[in-house]
Amino acid sequence: MPFAVHIFFDDQTDRAIRSIWQEMTDCGVAPYLGISGNRPHISLALCEELNQATCQTQLESWSIQVNPFPISFQSLGIFPAPGAVVFAAPLVTVELLALQREVDGMLDGCCKWPEFDFYRPGKWIPHCTLAMEFKDDQLPRALEIAGHLKLPLDGMACGVGVIEFRPVKHLFNYSLGKGSSSRGSL
């Protein structure tokens, strides 16, 4: 199963995004995220295989050095059909790009990268997915629901974690700047 390294948000930002996920689920447009067990996030990296012990040690050390930082979702975006994805786009800052580059470098020795390079430095488009796995003719409705997210949505990136997916299993996560961890589901 693949793995992902995610940045997680403060409670208020998390709730705002979850409300969109829930509306997508309740309307039957794009139910996956609402029932997946995942948390709202920005994916920093994807791995086909992962040395979990090495990654956990490195991520814990790294998380202590990175303070929580502001994140501001400014617009909505679409990765096009077929298989469209609707997302909230954060303001892309030099700091956010540097953070992703650091995580990529940290994983280089313990991650088998997928064949595609969408999550590698220079190709990565930061985003928080609001809807995925819906029928192409549902795109207008997915965009309508995504439009209920009040933008700009200003919050904080305050945690980092690793999941294994399909199904989603939270492996470990850390608060930024504190190094405190928890294992398993949140």
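First, a word on scope: everything that follows refers to the structure included in this document. (Residues numbered from 1 in each chain as written. Predicted model: local features only at pLDDT ≥ 70, side-chain atom pairs only at ≥ 80, totals over all residues. Heavy atoms only, no water.)

### Overview of the packing of aromatic side chains
Describing an aromatic ring pair means giving the distance of the ring centres and the angle of the ring planes.
Moving on, step 1. Applying the stated rule across the entire model yields four aromatic pairs.
Moving on, step 2. Ring centres of Phe9 and Phe73 lie 5.5 Å apart, and the angle between their planes is 90 degrees; this geometry places the pair in the edge-to-face category. You can see Phe9 sitting in strand 1 (residues 3-9) and its partner Phe73 sitting in strand 4 (residues 69-79), a full 64 residues away along the chain. The same class applies to Phe9 as to Phe73, namely buried. (Phe/Tyr/Trp six-rings, centres within 6.5 Å; stacked < 30°, edge-to-face > 60°. Helix = DSSP H or I, 4+ residues; strand = E, 2+ residues; numbered from the N terminus. Buried < 20%, exposed > 50% of the residue type's maximum accessible area, 1.4 Å probe, protein only.)

### Considerations on unusual backbone geometry
Moving on, step 1. Following Leu151, the chain continues to Pro152 via a peptide bond in cis, the omega torsion being -5 degrees.
Moving on, step 2. Position of Pro152 relative to the elements: it lies in the loop between helix 5 (139-146) and strand 8 (153-164).
Moving on, step 3. Here Arg166 and Pro167 are connected by a cis peptide whose omega angle stands at 0 degrees.
Moving on, step 4. Locating Pro167 in the fold gives a position in the loop between strand 8 and strand 9 (169-175).
Moving on, step 5. The backbone phi angle of Arg166 is positive, close to 65 degrees, even though this residue is not glycine.

### Quick look at helix 4 (residues 94-107)
Moving on, step 1. If you check helix 4, its first and last C-alpha atoms are 20 Å apart, about what 14 residues at 1.5 Å a residue would give, namely 20 Å.
Moving on, step 2. For helix 4, the complete set of buried residues consists of Leu96, Leu99, Gln100, Val103, Asp104, Met106 and Leu107. Relative to the axis of helix 4, the buried residues are bounded by an arc of 165 degrees and lie together on one face. Helix 4 presents Val94, Glu95 and Arg101 as exposed residues on the side facing more than 90 degrees away from its buried surface. (Expected span 1.5 Å × (residues − 1). Arc of directions from axis to C-beta.)

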